[in-house]
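Listed below, chain by chain, are the residues.
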Amino acid sequence: MCLSKIVKWLVGTPLDNPPVESPTEPLPILSIPHPEEEIIPLATIEATDINQVFNDWLEDWQVNPMAFPFWLTVNIEVSNKYLFPAGTMAETKQMWIRPEWANPGVIAHEMAHISYSLLSQEDKSKFPVAFLEALETDDLLQLVYSTKPYMRFDDIETHADCYRYLGQQMPKSLKRFYPYLF
Ligand SMILES: [Zn+2]
């Protein structure tokens, strides 16, 4: 570009059509705070450092350190005995996870199931109501709810995936439904 064109551009363009009103700020692009990790197809039980994965969950989801002693009593076994990624017996705090799925997000989902099991029946019944209320106004929750179909499977999976994908960024009104996690 030659100098005369630059001068013309500098002088001419901004003033030719002065905006009547300043344009509105573009909306920030939302992104899921804790997206799915890649699965590791060739992962083995022997090579999986589950303690490291567990620690990554504690750190990345900023679990309340006061609750660490509680979470350290969960027994996590890396195992191929189930075809699905992971499963948890919430009452006995026993979890199984396949090696290719051994990542902090899957741990977060399963730990949310344990947290849910600690809720009173009353709070379990209040959660779906509070969730739908939060969904009306929370953009990030709407993003997750509209893009992650498993979240709509039932109330328990809704509860788990809300924590798994949003972590600390879930609506404040829902955090009370997650004992030992905040
Ligand atoms: Zn689940």
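Above: the structure in question.
On a predicted model such as this, the values are computed, not experimentally measured, just so you know.

## Things to note about unusual backbone geometry
Moving on, step 1. We note that Gln-62 has phi near 50°; this positive angle belongs to a residue other than glycine.
Moving on, step 2. Looking at the element boundaries, Gln-62 is found in the loop between helix H2 (50-60) and helix H3 (68-71).
Moving on, step 3. Taking the number of C-beta atoms within 10 Å as the measure of exposure, Gln-62 has 11 and is therefore exposed.
Moving on, step 4. The backbone of Tyr-180 shows a phi angle near 70°, a positive value even though the residue is not glycine.
Moving on, step 5. A tally of 16 C-beta atoms within 10 Å means that Tyr-180 is categorised as partly exposed.

## Some words on the pairing of strand S3 (residues 94-97)
Moving on, step 1. Taking every second residue as pointing to the same face, the buried face of S3 carries Met-95 and Ile-97, while none of Gln-94 and Trp-96 on the other face is buried.
Moving on, step 2. Sheet topology places strand S1 (residues 75-78) next to S3; four bridges connect them, and they run parallel. Looking at S3, one finds that Ile-76 is bridged to Met-95.

Here is what the cut-offs are and how they apply
- Residues numbered from 1 in each chain as written.
- Predicted model: local features only at pLDDT ≥ 70, side-chain atom pairs only at ≥ 80, totals over all residues.
- Helix = DSSP H or I, 4+ residues; strand = E, 2+ residues; numbered from the N terminus.
- Buried ≥ 20, exposed ≤ 12 C-beta atoms within 10 Å, placed from the backbone.
- Pairing = 2+ DSSP bridges.

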